[in-house]
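The primary structure of each chain is shown beneath.
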Amino acid sequence: MKDNLSELSEVLIAESLISENDAYLYEKQADKEGFSLYQYLFIKNIISENDLSYHISHYYKIPYINIEYYLPSYLPEIKETEWIENNLAIPIKKVNHNNGILFVVLSELNNIKEIEAYFKKQYKVKIVEFLVCEETKLNKYIADFIKSKAPEEQIASNTNLHIPTAQNIVEKKMIDKSEETEANIGNETESQNDKPLVEFIQKILIDSINGRVSDIHFEPYDNYYRIRFRQNGELYDTSIPPFYIKDKLTEKIKNISKMDINSVMPQTGRINLQIFGERDVDFRVSTFPTLYGEKIVMQVQDPDLAKLDLNSLGLTPDQVEIINLKQEEKSGLILFTGAPRSGKSLSAYNLLEKKSPQKLNIYAIEKTTSLKIKGINQLLLNPNSGLKPVDVLEQLIYQDSDIILLEDIQQKEELYNLRRLSDKGSLIISTLNAKTLREAILKLMKMGMSIIEIVNEVKMISYQVMIAKLCKECKVKENWSRIPLINIGFTLNEIDLYDKTWTTYNSIGCPTCNNRKTKGSTVSFQILNIDEKLKQLIYENANSKSEEELLELLLSGATSEIKHSILDKIKKGEISYGEAENYFKKI
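All values reported here derive from a predicted model rather than from experimental measurement.

Rules of the game
- Residues numbered from 1 in each chain as written.
- Predicted model: local features only at pLDDT ≥ 70, side-chain atom pairs only at ≥ 80, totals over all residues.
- Heavy atoms only, no water.
- Pairing = 2+ DSSP bridges.
- Helix = DSSP H or I, 4+ residues; strand = E, 2+ residues; numbered from the N terminus.
- Axes fitted to C-alpha atoms, helices over the stretch in contact; angles between N-to-C directions.
- Contact = heavy atoms within 4.5 Å.
- Buried < 20%, exposed > 50% of the residue type's maximum accessible area, 1.4 Å probe, protein only.
- Core = buried A, V, L, I, M, F, W, Y, C linked by side-chain atoms within 4.5 Å.
- Disulfide = S-S within 2.5 Å.
- Lys, Arg positive; Asp, Glu negative; His and termini not counted.
- Salt bridge = Lys/Arg side-chain N within 4 Å of Asp/Glu carboxyl O.
- Polar contact = N/O pair within 3.5 Å; in protein donor to acceptor, adjacent residues only side chain to side chain.

**Let's talk about the sheet that holds strand 11 (residues 332-338)**
The strands making up a sheet are joined through hydrogen bonds of the backbone, oriented either antiparallel or parallel.
Part 1: Spatially, seven strands are ordered 13-12-14-15-11-16-19 in an open sheet, and the strand pairing comes out mixed. The open sheet is flanked by strand 13 (377-380) and strand 19 (518-529), the only strands paired with a single partner. Looking at each pair of strands side by side, their axes are set apart by 15° on average, direction ignored.
Part 2: Of the pairings in the sheet, the one linking strand 11 to strand 15 (residues 427-433) comprises seven bridges and is parallel in character. Paired with Ile334 across the two strands is Ile429, which belongs to strand 15.
Part 3: Its contacts with the sheet put helix 13 (residues 389-396) on strand 12 (362-366), strand 13 and strand 14 (403-406), and the angle it makes with strand 14 is roughly 180°.
Part 4: Packed onto the sheet, helix 21 (residues 562-571) meets strand 16 (458-470) and strand 19 and runs at close to 145° relative to strand 19.

What follows is the structure, given as C-alpha cells:
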C-alpha cells in the first residue's frame with residue numbers, strides 16, 4: 001500500500017474499484033483542483049455517488065440510509081448547527097436504552113473517532129451508531145434543516161415540520177416547467193399547520209407512482225412507526241417517521257380520504273392525486289384497527305399503467321399477435337389468469353384500453369382495482385353496500401353492452417352470468433386467480449364448464465407470472481449451473497438441449513435498489529389460443545376420451561411452458577436464477 005493514502009482510497013482499493021496507482025493519482029488531482037477525493041471521484045464520473053456510498057457501507061458493514069425520507073424536524077435537539085454543517089454528520093435518532101444510543105448519518109468515515117467522541121459528549125450517550133448516505137443528499141438535508149430553524153420558517157407552535165415541496169420531489173419527467181403547476185391531493189385547501197403533513201403524504205404517494213409500487217402500508221407498532229411499499233409482490237421499508245406523528249398522520253389521511261376521523265372501525269376511502277393538472281392517480285385507502293393504532297393500506301391505481309404497449313408487458317411477438325387477434329372478437333370470454341399480484345388485472349385493463357369507447361358501450365365491474373379509463377362505465381363494488389357482482393351482471397343483461405370486464409371471477413354464479421352475457425353478444429374480459437394454466441382450466445370446470453363448453457365459449461386463456469428484474473447498477477456475472485434449472489422444472493434431457501455458453505447474472509445490492517438487488521419487474525406469459533384447429537381436435541376426441549384426456553389435448557394448444565419464457569429472461573440477464581426459483585417455490 002502506498003504511503004499516506006486516505007482511508008477512502010484504502011476502502012476503494014479493498015473493494016476492487018481502483019488500483020493503488022489510480023488512488024495516488026486521483027488524490028493528487030483532487031487536491032490540486034480543491035476537491036475531496038470523494039467529490040472528485042463522482043464529479044469526474046469515475047465512480048458514481050451511489051457506488052461510493054454502497055462500497056463504504058459494504059466495507060465497514062455500516063447500514064445505508066436514504067436520508068431524504070427522514071423529516072428534519074423530528075431529529076433530536078441539534079446543539080451546534082455550525083459543527084454539524086462543517087463536519088457533515090448529523091444525529092437522526094436518540095434511544096434511551098443501555099445508557100443511550102445515538103444514530104448518526106455521515107457520508108465518509110474520515111475523523112470518525114473525533115466525530116464519535118463529540119457526539120458522545122454532547123448527547124451524553126454510551127454508544128454512537130453510524131449510518132451512511134450520499135454526500136450530496138446529506139449536504140442538502142443539513143442545509144434544509146438549518147433553513148427550517150430560521151424564525152421565518154417556523155410553521156406552528158407545536159411542530160416545526162420542514163418538508164420539501166412537491167416540485168422538489170417529483171422526478172424530472174413528471175415536472176411541468178411552468179411555475180404555476182403543482183401536485184395536489186384532491187382539491188382541499190390546507191391550513192398552514194396542516195401543510196407539512198400533507199406534503200409528506202404527497203411525497204410518499206408520488207414516490208410510489210414513480211417506483212411503480214402496487215400498495216403502500218402505514219403501520220403503527222408499540223414504539224415505532226413505519227411506511228412500507230409493495231413492489232413486485234414484496235414489501236420493504238421506505239420510511240420510518242417519528243413515532244409521535246402516527247396519530248396526526250392517520251387523522252390527516254382519513255380526512256383526505258373522506259373517512260370518519262372519529263371512528264376506529266374499518267373504513268374504506270379514496271385519495272385522488274392530481275399531478276400538475278395532466279395526470280390523475282387514485283389511491284384506494286383502507287383502515288384497520290390494531291393493538292397500537294390504525295393501520296392504513298393504500299392501493300395505487302395509476303391509469304397510465306393501462307396504456308403500456310403490449311410488447312412492454314413481456315409478451316413475445318407471437319403472443320402479441322394472438323392477443324391483437326382476440327381483442328377483435330365480438331363475443332366470448334377472454335381470461336387473464338395468474339397468482340395474486342401477478343399483474344393480470346393490468347393485462348386485462350391494457351386490452352380494455354385499446355377499445356374505442358366512442359363506438360362501444362363498455363362496462364368495468366371492479367372488486368379491488370380501479371384504473372380510470374375515459375368513456376368507460378366503471379363500478380367499484382363496495383363490500384358494505386350490499387351490491388354483489390352477481391346482481392350487477394344480472395342488470396347488465398338489459399344494458400346493451402358490447403364489452404364487459406369483471407375483475408376476479410370467484411363464484412359459479414358469476415361465471416354463469418358472464419356466459420349468458422356472452423351469448424347475448426358481449427365480449428367478456430375477466431381475471432381468475434390460478435397458479436398454473438392447468439389450474440385455471442380446472443377452476444372453470446369446477447364452476448360448471450365442460451371441456452367442450454370451454455372451447456366453444458372461451459376465446460383465449462392467458463396465464464402470467466411476475467418476477468423481479470435484476471438491478472442494472474449492481475448486476476454481476478455468476479457461474480452457469482444446471483441445479484437451478486432442475487429446481488425451475490427442467491428435466492436433464494431438456495437441459496442437455498440448451499447451449500450452456502450463455503452468461504447468467506445476479507445482483508449484490510446497492511443504494512439504487514435500496515440493497516434489495518432487484519428493481520422493477522418483468523412478466524412472462526403462457527397463452528392458450530382456442531382457435532378452430534384446437535376446437536376441431538377436441539371435437540374429434542370428445543366421444544372417445546375422458547375429460548382428463550381432453551384437458552391434456554386442450555393444454556397442448558398453449559404456447560411453450562412458462563419455464564421456457566423465464567429461461568429466456570435469465571439468458572438475457574433480466575432476472576436471476578434465484579428469483580426464478582423463488583417463483584417456482586410458490587406454485
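Further notes follow.
**Some words on the environment of Tyr539**
Part 1: By the secondary structure assignment, Tyr539 is in helix 19 (residues 532-541).
Part 2: Judged by its relative accessible area of 36%, Tyr539 is partly exposed.
Part 3: Tyr539 sits 84 residues away from Val455 along the chain, and the two C-alpha atoms are 9.2 Å apart.
Part 4: Excluding residues within four positions of it along the chain, Tyr539 makes contact with Ile452, Val455 and Asn456.

**Brief notes about the pairing of strand 7 (residues 234-239)**
Along any regular strand, the residues point their side chains to alternate faces of the sheet.
Part 1: In terms of strand pairing, strand 6 (residues 225-231) meets strand 7 through five bridges, oriented antiparallel. Paired with Ile227 across the strands is Ser239, a residue of strand 7.
Part 2: Count of turn residues in the strand 6/strand 7 antiparallel hairpin: two residues, of which Asn232 carries a positive phi of about 55°.

**Overview of the nonpolar core**
Part 1: Counting 55 residues, the largest nonpolar core has Ile441, Ile454, Leu528, Leu554 and Ile566 as the members making the most contacts within it.
Part 2: Setting aside chain neighbours within four positions, we find Ile441 in contact with Ile451, Ile454, Ile461, Leu528, Leu551, Leu554 and Leu555.

**Structural notes on the sheet that holds strand 1 (residues 89-95)**
Part 1: Pairing within the open sheet is mixed, and its three strands lie in the order 1-2-3. Taken across any chain shown, the strands that pair with only one partner, and hence form the sheet edges, are strand 1 and strand 3 (127-132). Sheet twist, expressed as the mean angle between neighbouring strand axes with direction ignored, is 25°.
Part 2: Bridge count for strand 2 (residues 101-106) against strand 3 is six bridges, and the pairing is parallel. The partner of Val104 across the bridge, within strand 3, is Phe130.
Part 3: Its contacts with the sheet put helix 6 (residues 112-123) on strand 1, strand 2 and strand 3, and the angle it makes with strand 3 is roughly 125°.

**Considerations on the state of the cysteines**
Part 1: Inspection of every chain in the model, using the stated rule, returns zero disulfides.
Part 2: Counting only cysteine sulfurs, Cys474 is the nearest neighbor of Cys471, a cysteine outside any disulfide, at a range of 3.8 Å.
Part 3: Classification of Cys474 as buried rests on a relative accessible area of 5%.

**Focus: the side chain of Asp215**
Part 1: Following the sequence through the fold, Asp215 ends up in strand 5 (residues 215-220).
Part 2: Buried Asp215, no salt bridge; nearest opposite-charge side chain is Arg230, N-O distance 4.1 Å.
Part 3: Of note is the side chain of Asp215, whose polar atom sits 2.8 Å from the side chain of Ser214.

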